[in-house]
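# Notes for the structure review
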Amino acid sequence: MRHLMSPLDFTVEELDKIFDLAGEIEKDPKRFAHVCDGKKLATCFYEPSTRTRLSFEAAMMNLGGNVIGFSEASSSSAAKGESVSDTIRVISCYADICAMRHPKEGAPMVAASKSLIPVINAGDGGHQHPTQTLTDLLTIRSLKGRLGGYTIGLCGDLKFGRTVHSLIRALLRYDNIHFVFISPEELKIPDYIIDELNEKNASYEEVIKLDDVMGKLDILYMTRVQRERFFNEEDYIRLKNFYILTKEKMLLAKPDMIVLHPLPRVNEISVEVDDDPRAAYFKQAQYGVYVRMALIMTLLNLEA
Ligand code: CP
C-alpha cells in the first residue's frame with residue numbers, strides 16, 4: 001500500500017505514467033467512468049478548501065466511486081479531542097482511500113502511519129501540497145510540452161506558500177530550469193529550500209521587483225499572501241498588495257509565457273488579466289481533476 005505525502009514519493013518515471021494516464025482521461029473520460037465502481041473516497045479536511053476537496057470529490061465521482069467526509073474540523077470528532085491517528089483508523093473501516101488536509105505540518109504523515117488505506121496529503125500547514133504540485137506539473141507539461149528547459153518565476157508569499165515549496169522540490173529533478181524567486185524581504189523562500197537548491201547546484205536568483213524579470217520568464221507562478229499563517233494582521237495588511245499582476249505588466253512578458261496560480265487569488269492577479277490567452281490558472285484547476293483521477297487509480301492499483 002502506498003501513500004502520497006510529498007511529490008518526491010513518486011519517481012520521475014512514475015510521475016510520467018500518472019501524467020500519461022491523466023492525458024488519456026482528458027481525451028476519453030467515458031472510458032474511465034466505472035473504474036471505481038463500489039469504491040469510496042474519504043475527504044478529511046481540517047482546513048478550508050474549494051479546489052482540492054471538490055476536485056478530489058469530482059475525480060472520484062468521475063471514476064464511478066462515492067465520497068464521504070467532512071470539510072471542517074468543527075464538524076468532525078476532532079472538535080471533541082479525537083486524534084488524527086484514531087480518526088484514520090476508523091475511516092479505514094469506511095473508505096478505500098483518504099485525502100487529508102490539516103493545518104499542522106506532518107499530520108497526514110501521522111495518519112498514514114496508522115492507516116489501513118492509502119492516505120493522500122491534501123496540504124499540511126506551510127509544508128507540502130503534493131497534489132497541487134502534480135496539477136502544476138501536468139499543466140506545465142501539457143501547455144509547454146516539457147518539464148525542463150525554461151525560466152520559471154515564483155512570485156509572492158514564498159515563505160508560507162506550501163504550493164511553492166512542493167513545486168520547487170519537484171522541479172529540482174528536471175534539467176535546465178532557472179528559478180527566479182520574486183518576493184518582499186519578509187516573505188523570502190525559507191533557508192532549508194535554498195540549502196536544497198545549493199546542494200543540487202540549481203540555477204536561481206532572488207529579486208524584489210517583478211517588472212525587472214518579467215521579460216525573461218517562460219512561466220510566472222503567482223501566489224497569494226497567506227493571511228492564515230501570519231502572526232499579526234498589521235504585517236499581512238502591509239504585504240498583501242505587494243504584487244498585483246496587471247494588463248500593463250503583461251505587456252512586459254513574452255508572447256508565449258504562461259501565468260499559473262494555485263488559487264484562490266485575492267488581489268495578486270487583476271481580473272482583467274483573465275482574458276489574456278497566457279492566463280492559464282483556470283485551465284490549471286481543470287487539470288487538477290484529471291491528475292487526481294489518475295492518482296486515485298494509481299494508489300488503488302486500478303486500470304480502465
Ligand atoms: N489550490 C488549492 O489548494 O486551493 P484550495 O485551498 O481551494 O483547495
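Once a new chain begins, its residue numbering starts again from 1 and follows that chain's sequence as written. Note on the predicted model: pLDDT of at least 70 is required for a residue's local features to be given, and 80 or more for side-chain atom pairs to be given and counted; whole-chain, interface and lining totals, by contrast, use all residues. Excluded from the side-chain calculations are hydrogens and water; all other atoms, namely the structure's heavy atoms, are used.

## What about the state of the cysteines?
Disulfides are defined as cysteine sulfur pairs within 2.5 Å. Within the structure shown, the criterion is met by zero disulfides. Of the cysteine sulfurs around Cys36, a residue in no disulfide, the closest is that of Cys98, at 15 Å. No disulfide involves Cys93; its sulfur sits 13 Å from the nearest other cysteine sulfur, which is in Cys98.

## Describing the domain arrangement of the protein
Along its sequence, the protein is organised into domain 1 (7-127 + 285-299) and domain 2 (131-282). Just so you know, the domain bounds were taken from an automatic or database domain assignment. Computed from C-alpha coordinates alone, the two centres of domain 1 and domain 2 are separated by 25 Å. Contacts: residue pairs with any heavy atoms within 4.5 Å of one another. Between domain 1 and domain 2, the contact holds 30 residues from the first and 26 residues from the second. Sorting the residues of domain 1 by area buried against domain 2 places Phe19, Arg51 and Tyr287 first, and these three jointly supply 27% of that buried surface. Throughout, the accessible surface (probe 1.4 Å) given up by two parts as they are put together, summed over both, is called the buried area.

## Side note on the site of the ligand
One heavy atom within 4 Å of a molecule or strand makes the whole residue count as near it. Every residue close to the ligand is listed here: Ser49, Thr50, Arg51, Thr52, Arg101, His129, Gln132, Pro262 and Leu263. Identification of polar contacts relies on pairs of N or O atoms within 3.5 Å, with a donor-acceptor requirement for protein atoms, meaning one able to donate a hydrogen and the other able to accept it, and with residues adjacent in sequence counted only if both atoms are side-chain atoms. Between the ligand and Thr50 there is a distance of 2.7 Å, counted from an oxygen atom to a backbone nitrogen or oxygen. Arg51 places a side-chain nitrogen or oxygen 2.9 Å from an oxygen atom of the ligand. Only the protein chains shown count as cover for residues, with accessible areas throughout obtained via the Shrake-Rupley method and a probe of 1.4 Å. Here the ligand loses 91% of its free accessible area of 260 Å² to cover by the protein chains. Residue type decides the class: Asp, Glu, Lys and Arg count as charged, Ala, Val, Leu, Ile, Met, Phe, Trp, Tyr, Cys and Pro as nonpolar, and the leftover types, Gly among them, as polar. Across the shell around the ligand, the residue classes tally to two nonpolar, five polar and two charged. Both of domain 1 (7-127 + 285-299) and domain 2 (131-282) provide at least three residues apiece to the shell around the ligand.

## Observations concerning the packing of helix α3 (residues 84-91) against helix α4 (residues 107-114)
An axis is simply a line fitted to the C-alpha atoms; with a helix, the fit covers only the stretch in contact. Between two such axes, the angle follows the N-to-C directions and lies from 0 to 180 degrees. In this text, helices come from DSSP runs of H or I with a minimum length of four residues, and strands from runs of E with a minimum of two, each type numbered from the N-terminal end. Where α3 meets α4, the closest approach of the two axes is 8 Å, and the angle between their N-to-C directions is 50°. On the basis of the axis angle, α3 is oblique to α4. As for the relative orientation of α3 and α4, their crossing is right-handed in sense. For the pair formed by α3 and α4, the contact residues are Val84, Ser85, Ile88 and Arg89 on the first element and Ala107, Val110, Ala111 and Lys114 on the second. Looking at the contact of α3 with α4 residue by residue, the class counts come to five nonpolar, one polar and two charged. Here is the rule for angles: anything less than 35 degrees is roughly parallel, anything more than 145 is roughly antiparallel, 65 through 115 is roughly perpendicular, and the remaining ranges are oblique. Handedness of a crossing follows from how the near helix is turned relative to the far one, being left-handed for an anticlockwise turn of less than a right angle and right-handed for a clockwise one.

## Comments concerning the sheet that holds strand β2 (residues 66-70)
Pairing in this open sheet of four strands is parallel, and the strands run β2-β1-β3-β4 from one edge to the other. The sheet is open, and its two edges are formed by β2 and β4 (119-124), each paired on a single side. Pairwise comparison of adjacent strand axes, ignoring direction, gives a mean angle of 15° for this sheet. In this analysis, strands are considered paired if DSSP registers two or more bridges between them.

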